[in-house]
Amino acid sequence: MSANGAAGAASPEVRILGARAHRIGSIEEVMVTIGAQPNEPMSRHTTLHIGGPADWYLEAETIDDIAVARILARSRELPVVLIGNGSNILVGDLGIRGLVIKPSAGLATITDIGTGLLQVGAGVRLPELARYFREEGVGGMEWGFGVPGCVGGGIFMNAGTRDGEMKDVVESVIIVGRGGRAEELPAAECGFAYRTSRFQRTGEIIGGAIVRLPDKPYDPEKARRALDDRKKSQPLQMPNCGSVFTNPPGDYAARLMEECGLKGRTVGGAQISKLHANFIVNLGNATARDVCALMDIAAREVKQKFDIDLHSEVRKVGEFS
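Presented here is an overview of the structure given in this document.

1. Structural notes on the environment of glycine 139
Now for step 1: Position of glycine 139 among the secondary structure elements: in the loop between α4 (126-135) and α5 (151-157).
Now for step 2: Taking the C-alpha atoms as reference points, glycine 139 and tyrosine 218, 79 residues apart in sequence, are found 3.8 Å from one another.

Written out as structure tokens, the structure is:
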């Protein structure tokens, strides 16, 4: 398998640039070398349309691009942050220090590698993967029609619904390992659990996955329900970042928040959705500070009323005022 998507030795480009890293001068020269853009507003790259500027921003076409960028950034002690399509993240109003990498078109491909396995790039959107399963007549990803994220973020969060999760179809995860080599981690080593994985703790960069086509038929009713639920219950016409809190055991965050009368609660330009209490929407001029304030209010009021702790599903990235 190639270094562009699966395990193997680091490419010559990665090895050469890695060796050159310490001979390149300033941070600006390093970033220009890889084609990164300075002071990129992250509001352009998040589904909440919120976020200050990243010091540097790069759209990566291949795993080699990610590997080279990380080597060069680390040579100048620049932090590296990988984002997907910008859902389930809240970027601070002061932006992100270091380099932000976003998978581009080259990492948004699905390749049949035989024996019921697919090589799937981190940038592939979950509804697109669900459509691939549908076209193959295979079940296991019907829930993906109702989730707007991408494969990389889906693995990071172990995204899913009551009908399934990423861990159910992932055979292995492709990461950028030491020396820029693409490595495969078996699913059993990924620490998948409800809305979590090892990648939330390790900081490993996800380049894609090997996905298995399960031996079960496609279920059109599950797919229809996933789409209908999303259309009926989620504020799709307004900028949002998806579900804000994970569901506590045996209950639903949205129910608890609604029971607290939180629907429609507003701070600045952010509002707890009137349609779905576990969504926060941007009314047009929301800041990360506004969103954080609403999250704090919701967590505090649910704790006071039900003695239940709500835990954020949203990944906070960058610097907050």
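Picking up where we left off.
2. Topic: the packing of aromatic side chains
Now for step 1: Evaluated as defined, the whole model comprises zero aromatic pairs.
Now for step 2: In this arrangement the basic side chain of arginine 255 is found over the ring face of phenylalanine 306, its NZ or CZ atom lying 5.6 Å from the centre.
Now for step 3: Just above the ring of phenylalanine 306 sits the side chain of lysine 305; from NZ or CZ to the centre is 5.8 Å.

3. Here's the deal with the side chain of serine 87
Now for step 1: Position of serine 87 among the secondary structure elements: in the loop between β3 (80-82) and β4 (89-91).
Now for step 2: Dropping the residues within four chain positions of it, serine 87 is found in contact with Thr47, Gly149 and Cys241.

4. Digging into helix α3 (residues 63-75)
Now for step 1: The end-to-end C-alpha separation of α3 is 18 Å, in line with the 18 Å expected for 13 residues at 1.5 Å each.
Now for step 2: Within α3, the full set of buried residues consists of Ile63, Asp64, Ile66, Ala67, Val68, Ala69, Arg70, Leu72, Ala73 and Ser75.
Now for step 3: You can read the cap of α3 off the contacts: a side-chain oxygen lies 3.3 Å from the backbone nitrogen of aspartate 64, and it is on threonine 62.
Now for step 4: Note on α3: the residue one or two positions beyond its end, glutamate 77, has a positive phi of about 55 degrees.

5. Some thoughts on the packing of helix α2 (residues 27-34) against α3
Now for step 1: Viewed as axis vectors pointing N to C, α2 and α3 meet at an angle of 175 degrees, and their least axial separation amounts to 10 Å. By the criterion of interaxial angle, the relationship of α2 to α3 is roughly antiparallel. Counting all contacts with α2, which are made through Val30, Met31, Thr33 and Ile34, the residues of α3 involved are Val68, Ala69, Leu72 and Ala73.
Now for step 2: The residue makeup of the contact of α2 with α3, split by class, is seven nonpolar, one polar and no charged.

6. Quick look at unusual backbone geometry
Now for step 1: The residue glutamate 77 is not glycine, and still its phi comes out positive at about 55 degrees.
Now for step 2: Inspection of the secondary structure puts glutamate 77 in the loop between α3 and β3.

7. Notes on the sheet that holds strand β2 (residues 53-60)
Now for step 1: If you walk across this open sheet you meet the four strands as β1-β2-β5-β3, and the pairing is mixed. The two strands at the open ends of the sheet, each matched to only one other strand, are β1 (37-41) and β3. If you compare each strand with its neighbour and ignore which way they point, the axes differ by 45 degrees on average.
Now for step 2: Packed on one face of the sheet, α2 meets β2 and β5 (96-103) and runs near 30 degrees to β2.

8. Structural notes on the sheet that holds strand β14 (residues 270-272)
Now for step 1: Pairing within the open sheet is antiparallel, and its three strands lie in the order β13-β14-β15. Edge strands, defined here as strands with exactly one partner in the open sheet, are β13 (266-267) and β15 (280-282).
Now for step 2: Where β13 lies against β14, two bridges are found, and the strand directions are antiparallel. Note that in β14 the partner of threonine 266 across the bridge is glutamine 271.
Now for step 3: Relative to the sheet, helix α9 (residues 288-306) contacts β13, β14 and β15, its axis offset from that of β14 by approximately 25 degrees.

9. Considerations on α4
Now for step 1: Buried residues of α4: Leu126, Pro127, Leu129, Ala130, Tyr132 and Phe133, and no others.
Now for step 2: Buried residues along α4 sit in contact with β6 (110-114), β7 (117-121), α5 and β12 (205-212).
Now for step 3: In the segment just after α4, glycine 137 is the residue with positive phi, at about 70 degrees.

10. What to know about the side chain of serine 172
Now for step 1: Position of serine 172 relative to the elements: it lies in strand β10 (residues 170-176).
Now for step 2: Here glutamate 184 takes part through its side chain, which lies 2.8 Å from a polar atom of the side chain of serine 172.
Now for step 3: Not counting residues up to four positions away in its chain, the partners in contact with serine 172 are Glu184, Leu185, Pro186, Ala187, Ala209 and Ile210.

11. Concerning the environment of tyrosine 57
Now for step 1: In this structure, tyrosine 57 sits in strand β2.
Now for step 2: Ignoring anything within four residues of it in the chain, the contact list for tyrosine 57 reads Ala36, Gln37, Glu40, Met42, His45, Leu99, Val100 and Lys102.
Now for step 3: There is a polar contact of 3.2 Å between the side chain of tyrosine 57 and the side chain of histidine 45.

12. Re the pattern of salt bridges
Now for step 1: Counted under the stated rule, the structure contains 17 salt bridges.
Now for step 2: Put simply, arginine 225 and aspartate 163 hold a salt bridge, and the shortest N to O gap is 2.7 Å. One end of the pair, arginine 225, is in helix α7 (residues 220-233); the other, aspartate 163, is in the loop between β8 (160-161) and β9 (164-165), with 62 residues separating them in the sequence.
Now for step 3: Exposure remark for aspartate 163: the relative accessible area of 23% places this residue in the partly exposed category.
Now for step 4: A salt bridge links glutamate 221 to arginine 224; the nearest nitrogen and oxygen atoms lie 2.4 Å apart. Taken together, the residues glutamate 221 and arginine 224, both in helix α7 and three residues apart, mark about one turn of the helix.
Now for step 5: A relative accessible area of 40% means that glutamate 221 is categorised as partly exposed.
Now for step 6: A single salt-bridge network, built from bridges that share partners, covers Glu165, Lys167, Asp168 and Arg195.

What counts, and at which threshold
Residues numbered from 1 in each chain as written. Predicted model: local features only at pLDDT ≥ 70, side-chain atom pairs only at ≥ 80, totals over all residues. Heavy atoms only, no water. Helix = DSSP H or I, 4+ residues; strand = E, 2+ residues; numbered from the N terminus. Phe/Tyr/Trp six-rings, centres within 6.5 Å; stacked < 30°, edge-to-face > 60°. Lys NZ or Arg CZ within 6 Å of the ring centre and 35° of its normal. Contact = heavy atoms within 4.5 Å. Expected span 1.5 Å × (residues − 1). Buried < 20%, exposed > 50% of the residue type's maximum accessible area, 1.4 Å probe, protein only. Polar contact = N/O pair within 3.5 Å; in protein donor to acceptor, adjacent residues only side chain to side chain. Axes fitted to C-alpha atoms, helices over the stretch in contact; angles between N-to-C directions. Parallel < 35°, antiparallel > 145°, perpendicular 65-115°, else oblique. Nonpolar A, V, L, I, M, F, W, Y, C, P; charged D, E, K, R; others polar. Pairing = 2+ DSSP bridges. Salt bridge = Lys/Arg side-chain N within 4 Å of Asp/Glu carboxyl O.

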